[in-house]
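Chain residues, written in single-letter form:
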Amino acid sequence: MKNTAHTTIIVLNGPNLNMLGVREPEIYGHQTLSDIENLCKDKASQLDLSLDFRQSNHEGELVTWIQQAYGQVLGIVINAAAYTHTSVAIHDALKLHQAVPVVEVHLSDPKTREPFRHHSYIAPLAAAIYAGLGAQGYVKALEFIDKNRKRP
Ligand code: DQA
């Protein structure tokens, strides 16, 4: 049986990212979340990896998905969106994943925006952070996890 822990990257997207394309395009661009998913799928297949790409508007659902991914993935890419700046629960769940890289992604650069976006509860657990690069940040996150994978 194929061991998904060596081949799967989970990409988690938080609240309002399902509205990309129509949501503040001057900040987030015109790409939809499906466009970003397709970009990630292309990169994952180039790297010979499987991709599990998800979005939720619910903090608890994201926490459950992070828990369920324990021991099942090569790494986690997370754009927790607004929960980045508020969620101790997501921080605690990510702490489970000390054995694999967690990569924080943002389309915009929160550090150059309103002060309430400057703090991240994800950052202390992140092996890398890509912010302000638009959808390319996701691609870079996948490349980072691939480069750092421990080959069996
Ligand atoms: C975001 C930045 C967050 O501050 C914001 O709440 C988002 C999107 C980004 O991708 O730039 O929803 O994570």
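Residues numbered from 1 in each chain as written. Predicted model: local features only at pLDDT ≥ 70, side-chain atom pairs only at ≥ 80, totals over all residues. Heavy atoms only, no water.

*Asks:* Tell me about the sheet that holds strand E2 (residues 50-55), and name the residues and values.
*Replies:* Strand order in the open sheet formed by five strands is E2-E1-E3-E4-E5, with parallel pairing between adjacent strands. Edge positions in the sheet fall to E2 and strand E5 (128-131), since each of these pairs with one other strand and no more. Looking at each pair of strands side by side, their axes are set apart by 15 degrees on average, direction ignored. On top of the sheet, helix H2 (residues 33-46) reaches strand E1 (8-13) and E2; it is set at about 165 degrees to E2, its chief contact. (Pairing = 2+ DSSP bridges. Helix = DSSP H or I, 4+ residues; strand = E, 2+ residues; numbered from the N terminus. Axes fitted to C-alpha atoms, helices over the stretch in contact; angles between N-to-C directions. Contact = heavy atoms within 4.5 Å.)

*Asks:* Account for H2, with residues named and values stated.
*Replies:* Along its 14 residues, H2 runs 20 Å from first to last C-alpha, staying within 8% of the 20 Å computed at 1.5 Å per residue. Within H2, burial applies to Leu33, Ile36, Cys40, Lys43 and Ala44. All buried residues of H2 project into a common sector of 100 degrees when viewed along the axis, lining one side. Those residues of H2 that are exposed and angled more than 90 degrees off the buried face are Ser45 and Gln46. Each element contacted by the buried residues of H2 is listed here: E1, E2 and helix H5 (136-147). Where H2 terminates, the next one or two residues include aspartate 48, which has phi positive at roughly 65 degrees. (Expected span 1.5 Å × (residues − 1). Buried < 20%, exposed > 50% of the residue type's maximum accessible area, 1.4 Å probe, protein only. Arc of directions from axis to C-beta.)

*Asks:* Can you explain the pattern of salt bridges? Please cite residues and give values.
*Replies:* Following the criterion strictly, the structure yields seven salt bridges and no others. Taking the shortest distance from any N to any O, the salt bridge between aspartate 52 and arginine 54 comes out at 2.9 Å. In this structure, glutamate 114 engages arginine 117 in a salt bridge whose closest nitrogen and oxygen atoms are separated by 2.7 Å. Judged by relative accessible area, which is 16%, arginine 117 ranks as buried. One network of salt bridges, with partners in common, ties together Arg113, Glu114 and Arg117. (Salt bridge = Lys/Arg side-chain N within 4 Å of Asp/Glu carboxyl O.)

*Asks:* Quick one: what's the story with the site of the ligand, residue by residue and with numbers?
*Replies:* Close contacts around the ligand come from Arg23, Tyr28, Asn79, Ala81, Ala82, His85, His106, Leu107, Ser108 and Arg117, and that covers them all. One nitrogen or oxygen atom from the side chain of arginine 23 is found 2.9 Å from an oxygen atom belonging to the ligand. A distance of 3.2 Å separates an oxygen atom of the ligand from a polar atom in the backbone of alanine 82. For the ligand, whose accessible area on its own is 320 Å², the fraction buried by protein is 99%. Taken together, the residues that form the shell around the ligand break down as four nonpolar, four polar and two charged. (Near = heavy atom within 4 Å. Polar contact = N/O pair within 3.5 Å; in protein donor to acceptor, adjacent residues only side chain to side chain. Areas by Shrake-Rupley, 256 points an atom, 1.4 Å probe, with all protein chains shown as cover. Nonpolar A, V, L, I, M, F, W, Y, C, P; charged D, E, K, R; others polar.)

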